Amino acid sequence: MRLGKLLLVCLMLILAPLSAARAQGWADQPFDASTMSREDVATLQAALAFSGDYFGFTDGVWNNDAQAALEAYVKREDGGGRPLFRHIEKPVMALEEERMKNGWQLFYSESTNTSYLHPFEMLKEVDNPDAVEFLSADEGFSMYVRFTDQPGMKDIHDWFMSKSLKSADPYQFADDNLSITSTTIEGDYIAYVRSDRNGSNWSTISIVLTPSYFPQLNLMAASMTVGGSPASLIWTKGGVIDQLINGGGGGAAPDPTPRIASNDPKDQVLRPMPPGVEASPPAATPDPGPATVDVAGASPVDPTPKPPALGTPAPGGATPIPTPTPGGTPGPSPSVIGVGNPGPAPVMAPGTGAAPSLPALGTPAPEPEPPKAKVTGTLKSSGTGFYIAPTMLVTAAHVIEGCSAVAMIDGTPLDIMAADSSLDIAVLSGATDAGVWLKLSALEVPKLGEAVTALGYPYYTSLDQGLTVTSGNVSALRGADGSSNRVMITAPVQPGNSGGPLLNKKGAVIGVVVSRIDDLAVLEETGSLPQNMNFAVPSGPLLTFLAQNRISRPQGDGTGAEMSGEVPDGVAKAVIPLHCYQ
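We now turn to the structure provided with this report. The model shown is predicted, which means the values in this text are computed figures rather than measured ones. Every chain is numbered independently, its residues counted from 1 as its sequence is written. Reporting of local features is limited, given that this is a predicted model, to residues whose pLDDT is at least 70; pairs of side-chain atoms are given and counted only at 80 or more, and all residues count toward the totals for whole chains, interfaces and linings. Working from all heavy atoms in the structure, the side-chain values ignore hydrogens and water.

### Here we look at the overall build of the protein chain
Alright, step 1. Working definition: helices are DSSP H or I runs of at least four residues, strands are E runs of at least two. Numbering for both runs from the N terminus. Scanning the protein chain for helices and strands turns up 10 helices and 23 strands.
Alright, step 2. Only protein chains enter the accessibility calculation, which uses a 1.4 Å probe. A residue is then buried if its area is under 20% of the maximum for its type, exposed if over 50%, and partly exposed in between. Here the protein chain holds 582 residues, and 53% of them are scored as buried.
Alright, step 3. Sequence-distant contacts in the protein chain: of pairs separated by 6 or more residues, those separated by 24 or more amount to 70%.
Alright, step 4. Accessible area of the protein chain: about 24,600 Å², with a carbon and sulfur share of 55%. Contact definition: two residues touch when any of their heavy atoms are within 4.5 Å. Method for areas: the Shrake-Rupley scheme with a 1.4 Å probe, in which residue coverage is limited to the protein chains shown.

### Observations regarding empty space enclosed by the protein
Alright, step 1. Here a cavity is any set of points on a 1 Å grid over the protein atoms alone where a 1.4 Å probe fits but cannot get out, and a pocket is any open set with protein on both sides within 12 Å along at least 5 of 7 lines; a residue lines the site when it has an atom within 4 Å of a point. Grid points are joined across faces, edges and corners, and a volume is the space filled by probe spheres set on the points. Under the definition given, this model contains five cavities of 30 Å³ or more.
Alright, step 2. In terms of lining, the second largest cavity is formed by 11 residues, of which the most central are Arg99, Trp104, Gln105, Ile551 and Ser552.
Alright, step 3. For the lining of the second largest cavity, the secondary structure elements donating two or more residues are helix H4 (89-102), strand E1 (104-109) and helix H9 (539-548).
Alright, step 4. Taken together, the residues of the lining of the second largest cavity sort by class into six nonpolar, three polar and two charged. Residue polarity is assigned by list, with Asp, Glu, Lys and Arg as charged and Ala, Val, Leu, Ile, Met, Phe, Trp, Tyr, Cys and Pro as nonpolar; anything else, Gly included, falls into the polar class.

### A word on a nonpolar patch on the surface
Alright, step 1. The grouping of Leu520, Leu523 and Leu529 at the surface amounts to a nonpolar patch, some 290 Å² of accessible area in total.
Alright, step 2. Mapped onto the fold, Leu523 is located in helix H8 (residues 519-526).
Alright, step 3. On the accessibility criterion, Leu523 (34% relative accessible area) is partly exposed. Excluding any residue in a salt bridge, patches collect residues exceeding 30% relative accessible area, merging like charges within 9 Å and nonpolar Val, Leu, Ile, Met, Phe, Trp and Tyr side chains within 5 Å. A carboxyl oxygen of Asp or Glu within 4 Å of a side-chain nitrogen of Lys or Arg is what we treat as a salt bridge.

### Quick look at H4
Alright, step 1. Expected helix span is taken as 1.5 Å per residue step, with the number of steps being one fewer than the number of residues. Helix length check: H4 (14 residues) gives 20 Å between terminal C-alpha atoms against 20 Å at 1.5 Å per residue, within 8%.
Alright, step 2. Within H4, the full set of buried residues consists of Pro91, Val92, Met93, Leu95, Glu96, Glu98, Arg99, Met100 and Asn102.
Alright, step 3. Gly103, located one to two residues past H4, shows a positive phi value of around 70°.

### With respect to the packing of helix H2 (residues 38-50) against H4
Alright, step 1. Where helices are involved, their axes are fitted lines through C-alpha atoms of the stretch in contact, as for all axes, and angles between N-to-C directions lie from 0 to 180°. Direction vectors running N to C along H2 and H4 enclose 80°, while the axes themselves pass 8 Å from each other. Viewed along their axes, H2 and H4 adopt a mutual orientation that is roughly perpendicular. On the side of H2, the interface is formed by Thr43, Leu44, Ala46, Ala47 and Phe50, while H4 contributes Pro91, Val92, Ala94, Leu95 and Glu98.
Alright, step 2. Across the contact of H2 with H4, the residue classes tally to eight nonpolar, one polar and one charged. Here the word oblique covers every angle except those under 35 degrees (roughly parallel), over 145 (roughly antiparallel) and from 65 to 115 (roughly perpendicular).

### Some words on the sheet that holds strand E21 (residues 509-516)
Alright, step 1. Here, a strand pair is defined by DSSP locating no fewer than two bridges between the strands. With antiparallel pairing, six strands are arranged side by side around a closed barrel as E17-E18-E19-E22-E21-E20. Strand-to-strand twist in this sheet, taken as the mean axis angle between neighbours without regard to direction, amounts to 45°.
Alright, step 2. As paired elements, strand E18 (residues 468-476) and strand E19 (residues 487-489) share two bridges and run antiparallel to each other. Each bridged residue has a counterpart across the sheet, and for Ala476 the counterpart in E19 is Met488.
Alright, step 3. Strands E21 and strand E22 (534-538) of the sheet are contacted by H9, whose axis makes an angle of about 45° with E22.

### Examining the pairing of strand E12 (residues 379-389)
Alright, step 1. For E12, a buried count of eight out of 11 residues is recorded, marking the element as mostly surrounded by other parts of the structure.
Alright, step 2. In this sheet, strand E23 (residues 575-581) lies alongside E12 in antiparallel orientation, the contact comprising seven bridges. When the bridges of E23 are listed, Ser382 appears paired with His579.
Alright, step 3. Alignment of E12 against strand E13 (residues 392-395), held across three bridges, turns out to be antiparallel.

### Focus: the state of the cysteines
Alright, step 1. For this text, the term disulfide refers to a pair of cysteine sulfurs within 2.5 Å. Overall, the coordinates contain one disulfide when judged by the stated rule.
Alright, step 2. Two residues share a disulfide in this structure: Cys403 and Cys580, whose sulfurs sit 2.0 Å from each other. Since a negative S-S torsion denotes a left-handed disulfide, the Cys403-Cys580 link at about -115° is left-handed. Linking Cys403 in the loop between E13 and strand E14 (405-408) with Cys580 in strand E23, this pair joins segments that are 177 residues apart in sequence.
Alright, step 3. Residue Cys403 is classed as buried on the basis of its relative accessible area, which comes to 18%.

### Section: the sheet that holds E1
Alright, step 1. Strand order in the open sheet formed by three strands is E1-E2-E10, and the pairing between neighbours is antiparallel. For this open sheet the edge positions go to E1 and strand E10 (225-226), each flanked by a neighbour on one side alone.
Alright, step 2. Two strands pair when backbone bridges link them, and E1 and strand E2 (residues 114-119) are joined in this way by six bridges, in the antiparallel orientation. Bridged to Trp104 within E2 is Pro119.
Alright, step 3. Contacting E1, E2 and E10, helix H6 (residues 214-223) crosses the sheet at an angle of about 160° to E2.

### Focus: the nonpolar core
Alright, step 1. Working definition of a nonpolar core: buried Ala, Val, Leu, Ile, Met, Phe, Trp, Tyr and Cys residues. They are joined through side-chain atoms within 4.5 Å. Ile88, Phe141, Met143, Ile207, Met220 and Leu546 are the most contacted members of the largest nonpolar core, which has 111 residues in total.
Alright, step 2. Here the element with the most residues in this core is H2; it accounts for eight residues.
Alright, step 3. Val487, Val493, Leu502 and Ala536 belong to the second-largest nonpolar core, a separate cluster that totals 11 residues.

### Section: the pairing of strand E5 (residues 141-148)
Alright, step 1. Summarising burial for E5: eight of the eight residues are buried, a large majority.
Alright, step 2. Residue alternation in E5 divides its side chains into two sets, Phe141, Met143, Val145 and Phe147 and Ser142, Tyr144, Arg146 and Thr148, and both sets are buried.
Alright, step 3. In this sheet, E5 lies alongside strand E4 (residues 132-135) in antiparallel orientation, the contact comprising four bridges. The residue bridging Val132 from the neighbouring strand is Val145, located in E5.
Alright, step 4. Turn length for the E4-E5 hairpin, with the two strands adjacent in sequence and antiparallel, is five residues, and the turn residue Glu139 shows positive phi of about 60°.
Alright, step 5. Both E5 and strand E9 (residues 201-209) contribute to a ladder of eight bridges, which runs antiparallel. When the bridges of E9 are listed, Arg146 appears paired with Thr204.

Set out below in structure tokens:
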């Protein structure tokens, strides 16, 4: 019966804090890596590499080097003592912020059978007739990719060694399948070169950067391996990291059974493929969990965006030194980067296949697509969306359910990049560039009792009142069914608010408004009206959804400002009404 379901919802909300109090203690228990999935272990290794404490591989295998790195981190940041589960939250959150800011994704090259993490937003490909070159905007991080024979590979390593400073402490390793050089060269730049054998040829990545980029270099170098890698940086749903970050301390204790993932590169969550290489079928996206008490349901919508492509390497000669912009602060010694003990390194037999060729020089650029026609027709419903990038919007999935077209109020058509009806989140592209977007950060999460502001366009097709603003508090860190995919808020919301942002006092997005309790059903069955029981998807699951669908946002903090008084103009401009057409 409907009454039974509604009463169950109310009881769950009453009992959830007691359950949370009982379960919260596991975060203060001694850290035990055996409770973590291989992907979560690799994520923690990557976080410790980024913090400068770990110099091994992000292979998802917890060893003495990884444990020593965690102990060193805890000693530096928390004064020492035995590492606890809660100690891993801070480095993982710092890595998540870096991943979202610079667009880190796991890149697998089927032609060379190698994998590594690449910052697609930080490093952009530049024209170079001799090699594939990537460069940061400030020219402080330069990366070259080449294919050569063995003598050519050796020439590259020898050339970098010849440029080493006399005061440098260079590191070199070489065997039949792997060659690594790490040193400091003229200009006090850090150089790192890694070559992997591929049949009779060698693929070589050479990196030169200022010391300020050492954390990014150590992360990239630690992730480089032949074959597949578990270092997708995507947290295992329901795993230790997910519970620490998204569970609010109220989840169950970590599963003591370790979960081992396949090392087949085709099973990776993130698999950008180079041009000319046929992509394998996409991996299944983890189920984000059950939805609860939605005002409007949603049917699955699953468009698959094209993965970004890392440029295809081409043969070339010795690697020239770039001319980075001077600056940066001194970093740690790069004597051994990304290699703990390279002798028994887990290097699998490389695959075969020649490198695809680069497009011919002088190829005319394709004609720009004509602007899309404005959407017209009969309106079905309306909702709210907000900018997370210059032309990209987030909304609720049920806002776009059953629409023949989705558009801005001026008829500008919007394309669905990704959607999940269970989580009730969708991302749209093609919006008019508003020049603003809201701040969305892994460091900004809902906190119990904190003041929040909900922005949206309720009843927009009936009442043309413009943007509405309501305030309240985070009243619970879980949904009506105990799910960490929802938080409960007291800010009043109405039909049409769905898809609007939930902001904290700093103006950062900490959730997406999606649903409310059915007031009339409760009144009919109980004789009383519920008060202020509304729900939003918190920022943690939203960021995970963006990562799973390889949706990168621009560098920069976005628009955010104190919400204690008048809503800032930039925030108001970043929230817009959406129209659903029959």
